[in-house]
Amino acid sequence: MKTSTLCVRHPHGSDPHGAVAPPIYQTATFRQPTATEFGEYDYTRTANPTRTLLEQQLAALESGRFAAAYASGLAALTALTRLVNQGEEIVAGDDLYGGTVRLLEQVLPRYGVAVRYADAADPDSVRRELTPRTRLILVETPTNPLLRVADVRALSELARGAGALLAVDNSMLSPCLQKPLKLGADVVLHSATKFLGGHSDVTAGALVTDDEELHRRLCFQQNAEGSGLSPFESWLLLRGIKTLSLRVERQCSTALRVAEFLSGRPEVKRVFYPGLQGHPGRDVHRGQARGDGAVLSFATGDAELSRRVVESVRLFDIAVSFGSVHSSISLPCRMSHASIPPSARERLAPPPDLVRVSVGIEDAEDLLADLEQAFNVARPRERKTEAVAYVGA
Ligand SMILES: *Cc1c(COP(=O)(O)O)cnc(C)c1O
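Bear in mind that the values here come from a model prediction, so they are computed numbers and not experimental data.

Enquirer: What is the right way to look at the site of the ligand in this model?
Expert: Not every one of the 13 residues close to the ligand is listed here, only the nearest: Gly73, Asp169, Ser191, Thr193 and Lys194. Within the contact set of the ligand, an oxygen atom lies 2.9 Å away from a backbone nitrogen or oxygen of Gly73. Contacts to the ligand include Leu74, whose backbone N or O atom sits 2.9 Å from an oxygen atom. Within the complex, 93% of the 380 Å² of free accessible area of the ligand lies under protein.

Enquirer: So what exactly am I meant to see when it comes to the domain arrangement of the chain here?
Expert: The accessible area lost on association of the parts is a frequent measure of interface size. Under the domain assignment used here, the chain contains domain 1 (3–241) and domain 2 (245–378). Placing the centre of domain 1 and that of domain 2 at their C-alpha centroids yields a distance of 25 Å. Between domain 1 and domain 2, the contact holds 42 residues from the first and 43 residues from the second. The junction of domain 1 with domain 2 conceals about 3300 Å² of combined surface from both sides, 61% of it contributed by carbon and sulfur atoms. The largest contributions to the domain 1 side of the interface with domain 2 come from Leu147, Leu177 and Phe195, which together make up 20% of the buried area. On the surface where domain 1 and domain 2 come into contact, there are zero salt bridges. Here domain 1 is connected to domain 2 by 17 residue pairs in polar contact (both at pLDDT 80 or more). Within the residue set of the side of domain 1 that touches domain 2, elements represented by two or more residues are α1 (3–8), α4 (98–107), β3 (114–118), α6 (152–162) and α8 (231–241). With six residues, α4 is the single largest residue contributor to the side of domain 1 that touches domain 2. Its residues assigned to classes, the side of domain 1 that touches domain 2 comprises 21 nonpolar, 15 polar and six charged.

Enquirer: How should the confidence of the model for the chain be read in this particular structure?
Expert: Close inspection of predicted coordinates is inappropriate for parts of the model with low pLDDT. For the chain, the average pLDDT comes to 94, and 96% of its residues sit at 70 or higher. Ignoring residues within four places in sequence, the model shows residues 384–393, a span with pLDDT below 50, making two contacts including any to other chains.

Enquirer: Looking at this structure, how should I read the sheet that holds strand β5 (residues 165–169)?
Expert: Sheets are built from strands paired through backbone hydrogen bonds, the pairs being either parallel or antiparallel. Spatial ordering of the open sheet is given by β1-β7-β6-β5-β4-β2-β3, a layout of seven strands whose pairing is mixed. Looking at strand neighbours, the two that pair on one side only are β1 (66–70) and β3, the edges of this open sheet. With direction set aside, neighbouring strand axes in the sheet form an average angle of 20 degrees. Alignment of strand β2 (residues 89–93) against β3, held across five bridges, turns out to be parallel. In the strand pairing of β3, Ala92 is matched with Tyr117. Seen against the sheet, helix α2 (residues 49–61) touches β1 and β7 (205–209) and runs at an angle of roughly 125 degrees to β1.

Enquirer: How do you make sense of the packing of aromatic side chains when you look at a structure like this?
Expert: Geometry of an aromatic ring pair is reported as the spacing of the ring centres plus the angle between the planes. Taken as a whole and judged by the stated rule, the model has five aromatic pairs. Plain terms: the ring middles of Phe232 and Trp235 are 6.2 Å apart, the flat faces sit at 15 degrees to each other, and that makes the pair stacked. Pair noted here: Phe232 and Trp235 are both in helix α8, with a separation of three residues, about one helical turn. With relative accessibility at 38%, the residue Phe232 sits in the partly exposed group. Three or more aromatic residues joined by ring pairs form one cluster here, namely Phe261, Phe298 and Phe375. We note Arg82 situated over the ring of Tyr111; from NZ or CZ to the ring centre the distance is 5.8 Å. In this structure, Lys194 packs its charged tip against the face of Tyr97, placed 4.8 Å from the ring centre.

Criteria and thresholds
- Residues numbered from 1 in each chain as written.
- Predicted model: local features only at pLDDT ≥ 70, side-chain atom pairs only at ≥ 80, totals over all residues.
- Heavy atoms only, no water.
- Near = heavy atom within 4 Å.
- Polar contact = N/O pair within 3.5 Å; in protein donor to acceptor, adjacent residues only side chain to side chain.
- Areas by Shrake-Rupley, 256 points an atom, 1.4 Å probe, with all protein chains shown as cover.
- Domains from an automatic or database assignment.
- Contact = heavy atoms within 4.5 Å.
- Buried area = accessible area lost by both parts, 1.4 Å probe.
- Salt bridge = Lys/Arg side-chain N within 4 Å of Asp/Glu carboxyl O.
- Helix = DSSP H or I, 4+ residues; strand = E, 2+ residues; numbered from the N terminus.
- Nonpolar A, V, L, I, M, F, W, Y, C, P; charged D, E, K, R; others polar.
- pLDDT = per-residue confidence, 0-100.
- Pairing = 2+ DSSP bridges.
- Axes fitted to C-alpha atoms, helices over the stretch in contact; angles between N-to-C directions.
- Phe/Tyr/Trp six-rings, centres within 6.5 Å; stacked < 30°, edge-to-face > 60°.
- Buried < 20%, exposed > 50% of the residue type's maximum accessible area, 1.4 Å probe, protein only.
- Lys NZ or Arg CZ within 6 Å of the ring centre and 35° of its normal.

Given below as structure tokens:
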């Protein structure tokens, strides 16, 4: 079945009472047949039918056989990094979500796990950081917020050669646009808070894999640490996923218009979006993804001007996160990536003039008009005076 069908039609079984919408099994514990025989479910921390339904659907959407749903994207990432033991290493991309960097930089070293960074868009850069102790390669593609593109097929070969797992964070595109397992990744990470949920009303994460043994170890970790997603949040996510492919389709087409609009603005020095001609990762991206996503960023060369643009929009929410039906705008350096510790800022923090935009499902004309008025309000004063002076001369 195609992805848009998998968003709506559940791949497994149906409710015994014919409920079209799945029930929420809002129970912490399950009655057992006897003291020595156990039913399919015994305790919700371990497993819950509403969560199972979600996990089956996430697995189907990512073309894997197994998925585990977590309380957040970072809870999923934590479970993943638990596969790496003391004395072993992770090689990670150097443009990553700020909270990911915080975990890698400020939590993992306390457990004796070292992280080396490489430009994920350059397989040679990744190869140079591999050592006999590397257990995990972790990348985003496109990256957040600079929209760099990692070649998943090339990285999966490197990982295989090094005896490491390749994990791809697919939060920026969703399985409607990219299926990293099909490209050779061992595990797909999601902040389901973003496109999968799509309504900014649920915080959730997931790990999807086709490897049964890997899944078993992840589930052990999920149960041992109590990081599984609650029944109600699982249900919200099941509901959100139903419209995923429609939302993403609309968001992508509007995002391209926004990217083109921004490219034409005199205040904008550079637009980062793989859908634009001239994006350095465009060919690799086209070879592994079906669309360009709804997140883009741009630089003005002037942090103060960027701040004024962000603060002058009316329709976009000034908010972290992305992938929602509501458009949002942010200054990553001051917002989503402010959690990058000072020691790592020079290498891993986005530039201060970078603005990130997440395009929602509002009317494209309204969004473009809002950006236009924001640029006009935010434009530096000198330039206006110059123009007047020129006319006067
Ligand atoms: C938001 C995000 C995360 C973290 O997910 P939470 O659900 O906020 O914990 C991880 N990776 C990427 C790319 C993200 O954007």
